[in-house]
Amino acid sequence: MAAAAAAAMAMAAAGRLEQGEDAFRRLFKYYKRRKPPPDLSAVLDFSRAQKNLKVLIAPLHAASVSDRDACKAGLQPVRKWKAYTLAGYPGFTFISDPFLPGWQRYWAQQCLKIYPRKPNVCNLDLHMSPEETKDLWEQSREQLRLKGSGKREAKSLLEKLRWVTLGYHYNWGTKKYSADHYTTFPVDLAYLSEQVAAACGFHQFKAEAGILNYYHFDSSLGIHVDESEIDCSKPLLSFSFGQSAVFLLGGLKRQDCPLPMYMHSGDIMVMSGSSRLLYHAVPRILPNVEGGLLPGCLAQSAAGNNHQSDEGDWEICARYLESSRVNMTVRQVLGAGQCFPVETDSERIDAPQAYPQDYSTEQNERKLVRTDVAESPVLL
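Residues numbered from 1 in each chain as written. Predicted model: local features only at pLDDT ≥ 70, side-chain atom pairs only at ≥ 80, totals over all residues. Heavy atoms only, no water.

*Asks:* Summarise unusual backbone geometry; cite the residues concerned and give the values.
*Replies:* For residues that are not glycine, phi is negative in most cases, and the peptide bond is trans in most cases. Omega for the bond connecting Lys35 with Pro36 falls within 30 degrees of zero, at -10°, which places this linkage in the cis form. With respect to the helices and strands, the residue Pro36 is situated in the loop between helix 2 (23-32) and strand 1 (55-57). With omega at 20°, the peptide bond leading from Lys118 into Pro119 counts as cis. Looking at where Pro119 falls in the secondary structure, it is placed in the loop between helix 4 (103-114) and strand 4 (121-122). Its identity as a non-glycine residue notwithstanding, Asp97 has a phi of 30°, on the positive side. As for its position among the elements, Asp97 is in the loop between strand 3 (92-95) and helix 4. (Helix = DSSP H or I, 4+ residues; strand = E, 2+ residues; numbered from the N terminus.)

Printed below as a string of structure tokens:
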């Protein structure tokens, strides 16, 4: 009852924003605003989900993933996972941090050190040469290591990173994938994704494309639907590391009011079936709710982890994650026997690769054309 009352209050407060806006955009702007900050009591927290009547235990296919295969991906045995679904959202699964101790460090470091390397594509390629963006980690590590708390300090290239694409590279201009814009998908991330998909009942899932988003405390992800894949019957997998986010899960129509929920470090979200094409957004990144600079799960190191990171490298990762969140989304682009449609002559000419138009920070929002993203914090 308390959660329902808080949700009603949040909607009432959001409703005092501009008239004529749809319910999703109103709530997006409500949770995005800085002054005064929004009331977060209505945000669903799956780590305390047992008390919410909308939250149900999600059935998993534990027999589909052996303990050995799960461990190889850095995951606990599937029978130990805490997985949930939501009443009224068939196909939506939320897995609350199923990682073994120390493995979140590994995956966060892959996102910062390995995956941005060439030949993968990132936002910095739009205005820098391939040679200049060849290895962002090596170019940024010393600057991050020495970084203080001053806001006026110059940002490293890694701190300017906003997105990286893997496998079939998403074209932000055309909103499409193509056969001739492809690099080898990371083997380790493909393996992790396939184990999670199998545990959720998708035994033939093939990781073919990935988008990594890099968020800071002033970042947001605008209202959108992931529908560019040729086969949308396969799930969309989302992995979160670092600081927490408020995630808004809407409906099939933009006018549907979204449900706010937290994504904490280590959480995995799977959108499939009728939930695969739901509107969603990230209006806010939050400082660690536990009070420290980093979530406790990232303070853990693991004995016997063959991928144990170098402590010096982890120190740099930790410095970055003190004010940031990294999100990996993995999807299958083609179904069995499918191929890309033949492109027209005009489509062969790449559209300009702008910033992903559903990604914003308060510094670059006014440069975006798309109206999904608020241009500034909204004052009530």
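*Asks:* Before we move on, could you go through the side chain of Ser324 and cite the residues and values that matter?
*Replies:* Counting through the fold element by element, Ser324 comes out in strand 13 (residues 324-331). For Ser324, the side chain forms a polar contact with the side chain of His216, separated by 2.7 Å. A polar contact of 3.0 Å, which involves the side chain of Ser324, links it to the backbone oxygen of Tyr320. Excluding its chain neighbours within four sequence positions, the residues that come into contact with Ser324 are Tyr215, His216, Gly242 and Gln243. (Polar contact = N/O pair within 3.5 Å; in protein donor to acceptor, adjacent residues only side chain to side chain. Contact = heavy atoms within 4.5 Å.)

*Asks:* Could you give an account of the packing of aromatic side chains, with specific residues and numbers?
*Replies:* In this structure the tally under the stated criterion is 10 aromatic pairs. Each ring, one from Phe46 and one from Phe94, has its centre 4.0 Å from the other, and the planes form 15°; the classification is stacked. One end of the pair, Phe46, is in the loop between helix 2 and strand 1; the other, Phe94, is in strand 3, with 48 residues separating them in the sequence. Accessibility assignment for this pair places Phe46 and Phe94 in one class, buried. Judged by centre distance (4.9 Å) and plane angle (85°), the ring pair of Tyr170 and Trp172 falls under edge-to-face. We classify Tyr170 as buried; its relative accessible area is 11%. According to the relative accessible area criterion, Trp172 is buried, its value standing at 5%. (Phe/Tyr/Trp six-rings, centres within 6.5 Å; stacked < 30°, edge-to-face > 60°. Buried < 20%, exposed > 50% of the residue type's maximum accessible area, 1.4 Å probe, protein only.)

*Asks:* Help me get a handle on the environment of Gln204, residues and values and all.
*Replies:* Its place among the elements puts Gln204 in the loop between helix 7 (187-199) and strand 6 (209-216). Taking the relative accessible area as the measure of exposure, Gln204 reaches 67% and is therefore exposed. Along the backbone, Gln204 and Lys234 are 30 residues apart, and their C-alpha atoms lie at a distance of 9.2 Å.

*Asks:* Describe in detail the pattern of salt bridges, supporting the description with residues and values.
*Replies:* On inspection of all chains with the given rule, the structure shows nine salt bridges. Put simply, Asp313 and Lys113 hold a salt bridge, and the shortest N to O gap is 2.7 Å. Here the residue Asp313 occupies a position in helix 8 (residues 311-321), and Lys113 occupies one in helix 4, the gap between them amounting to 200 residues. Considered together, Asp313 and Lys113 belong to a single accessibility category, that of buried residues. With its nearest N and O atoms 3.0 Å apart, the salt bridge here joins Asp125 to Lys118. Here the salt bridges share partners, and the residues they tie into one network are Lys113, Glu138, Arg141 and Asp313. (Salt bridge = Lys/Arg side-chain N within 4 Å of Asp/Glu carboxyl O.)

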